[in-house]
Amino acid sequence: MNCPAMSAASPPSSCSSSSCSSYSTFRPPPPLLPQLSNNDSQRSLHCSNLSFSNRLLGKHSLPLRALVASNPLNVSSSSVISDDAKIGVLLLNLGGPETLDDVQPFLFNLFADPDIIRLPPLFQFLQKPLAQFISVARAPKSKEGYAAIGGGSPLRHITDEQAEELRKSLWEKNVPAKVYVGMRYWHPFTEEAIEQIKRDGIRKLVVLPLYPQFSISTSGSSLRLLERIFREDEYLVNMQHTVIPSWYQREGYIKAMANLIESELGKFGSPSQVVIFFSAHGVPLAYVEEAGDPYKAEMEECVDLIMEELDKRKITNSYTLAYQSRVGPVEWLKPYTEEAITDLGKKGVENLLAVPISFVSEHIETLEEIDVEYKELALKSGIKNWGRVPALGTEPMFISDLADAVVESLPYVGAMAVSNLEARQSLVPLGSVEELLATYDSQRRELPAPVTMWEWGWTKSAETWNGRAAMLAVLALLVLEVTTGKGFLHQWGILPSL
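Computed from a predicted structure; not experimentally measured. (Residues numbered from 1 in each chain as written. Predicted model: local features only at pLDDT ≥ 70, side-chain atom pairs only at ≥ 80, totals over all residues. Heavy atoms only, no water.)

Novice: Lay out the pairing of strand 7 (residues 177–183) with the relevant residues and their values.
Specialist: Judged by how many residues are buried, strand 7 sits mostly within the fold: six of seven residues are covered. By the bridge criterion, seven bridges tie strand 5 (residues 87–93) to strand 7 in an arrangement that is parallel. Residue pairing across strands places Val89 opposite Val179, the latter belonging to strand 7. (Buried < 20%, exposed > 50% of the residue type's maximum accessible area, 1.4 Å probe, protein only. Helix = DSSP H or I, 4+ residues; strand = E, 2+ residues; numbered from the N terminus. Pairing = 2+ DSSP bridges.)

Laid out in structure tokens, this is it:
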């Protein structure tokens, strides 16, 4: 499976139950779990020895909002579009291998990103050798997953369809914009999209990541790449632009998600007895607690907003939130999806509706990880009826809402744009996003040690140190292989011979 973030060097610190507590507002219907009330004030579930609480936002950093509000300047789209304006929208996404032969190089690009695998400064020269090692090691398993969903990721095809539908919607709203797709780790790469933007003579650009919630490892990585590209190009320095960093709180998006959930609930024999299971892509806990990533807070608020919309429709099902796709030895956001599914089965849940909350397109995490792996686990855990909400894709309300977000951002295009080449320290007007990335850069250099005592065995402290020791051993092996040009990695063809 793909992953948005790994931390090879800096495991997270131990934390209190309040800071580490996972999020849930599990409202079981009385016949199913009589020990819990159906009252909103008591929506809690103790799962995996972690306390779930309702409305945790106050305990986290404030969510990162989009740089635009609901047309606060009361400016129509036509009033900010001059006759000679060439408007572009750049959609940012992860990318995915289109064939089985693409899998290993795609994984290499993914793990070569320092925002995905974070190495200490002393070992940063090993970023690419380590990426090569991991990509070769993981490729066979990943190929099996992609083979199971048709031999490649449908992400590019779906994103191209979203771009075309967004273009049509913008033209219907009197915004004659061109829409471009820039992938982070596979074709069409962000660099390719930028070159096309320049060839088309775009003068006003709206950057729109296709991640509803902001994370350092997804939107942040793409925006950091854009910042580097902009810094090196005079045309881009002078081009007016703005960024919509996250949009999970938009009314159209929330209603579109609620519509899909309501539709899938209707397919169950007893819709009111179905537990709504939000599954989001996880990130390492250190990103949230040490680097200030707002992802967890935004995800929890997003779930709140969707459930509030369902409440308005008299849909008061139980629901919970968990995080999937973790890899590596460090702690990620909890509860983990696989553990949460098992716990729900033990508690007698028989009807489960999975909602891929951080994905707006179908890809391997939905088609294989959720539809195959988690479904199989759920059935083995005692859950009798399983359903899954489809990703939004080109759902009309969703696309129209994205178009509205672009239109509302137009008065801000160029408001903070750098217009002279001497000001090369801040070329991408990211506002609070730029501050977040700056904070992350300063924090990631000296993340605190996760524990104060060295312990062996199977304690939580020991697992952290054992993971560190294993990673150091791998790094030492790679150093030896790279410096000598000999070893089993060269013999196996994983690393090229000198």
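Novice: So what about unusual backbone geometry? Which residues, and what values?
Specialist: The residue after His187, namely Pro188, is reached through a cis peptide bond having omega -10°. Looking at where Pro188 falls in the secondary structure, it is placed in the loop between strand 7 and helix 5 (190–199). Lys334 connects to Pro335 through a cis peptide bond whose omega is 0°. Along the chain, the position of Pro335 falls in the loop between strand 11 (319–324) and helix 11 (337–346).

Novice: Break down helix 2 (residues 103–111) for me, citing the residues and quoting the values.
Specialist: Of the positions making up helix 2, those classed as buried are Val103, Phe106, Leu107, Leu110 and Phe111. All buried residues of helix 2 project into a common sector of 125° when viewed along the axis, lining one side. (Arc of directions from axis to C-beta.)

Novice: Which residues make up the sheet that holds strand 7, and what values go with them?
Specialist: Overall, parallel pairing links the four strands, which are arranged 7-5-8-9 in an open sheet. Both outer strands of the open sheet, strand 7 and strand 9 (240–243), are each paired with one neighbouring strand and no more. Across this sheet, the average inter-strand angle for adjacent strands is 20°, counted without regard to direction. The sheet strands contacting helix 5 are strand 5, strand 7 and strand 8 (204–209), and the helix crosses strand 7 at an angle near 155°. Of the strands in this sheet, strand 5, strand 8 and strand 9 are in contact with helix 13 (residues 396–409), which crosses strand 8 at around 140°. (Axes fitted to C-alpha atoms, helices over the stretch in contact; angles between N-to-C directions. Contact = heavy atoms within 4.5 Å.)

Novice: So, the packing of aromatic side chains: which residues are in play, and what are the values?
Specialist: Applying the stated criterion across every chain, the model contains four aromatic pairs. Measuring from ring centre to ring centre gives 6.2 Å for Trp186 and Phe189, while their planes differ by 65°; the resulting arrangement is edge-to-face. For the pair Trp186 and Phe189, a shared accessibility class is recorded, and that class is buried. Consider the rings of Trp247 and Phe398, whose centres lie 5.8 Å apart with planes at 40°: the pair is tilted. (Phe/Tyr/Trp six-rings, centres within 6.5 Å; stacked < 30°, edge-to-face > 60°.)

Novice: Can you lay out the pattern of salt bridges for me, pointing to particular residues and giving the numbers?
Specialist: Summed over all chains, the structure comprises 24 salt bridges. Between Arg250 and Asp401 there is a salt bridge, with its nearest N and O atoms 3.2 Å apart. With Arg250 in the loop between strand 9 and helix 8 (251–265) and Asp401 in helix 13, the pair connects residues that are 151 residues apart, well separated along the chain. Arg250 sits in the buried class, given a relative accessible area of 14%. (Salt bridge = Lys/Arg side-chain N within 4 Å of Asp/Glu carboxyl O.)

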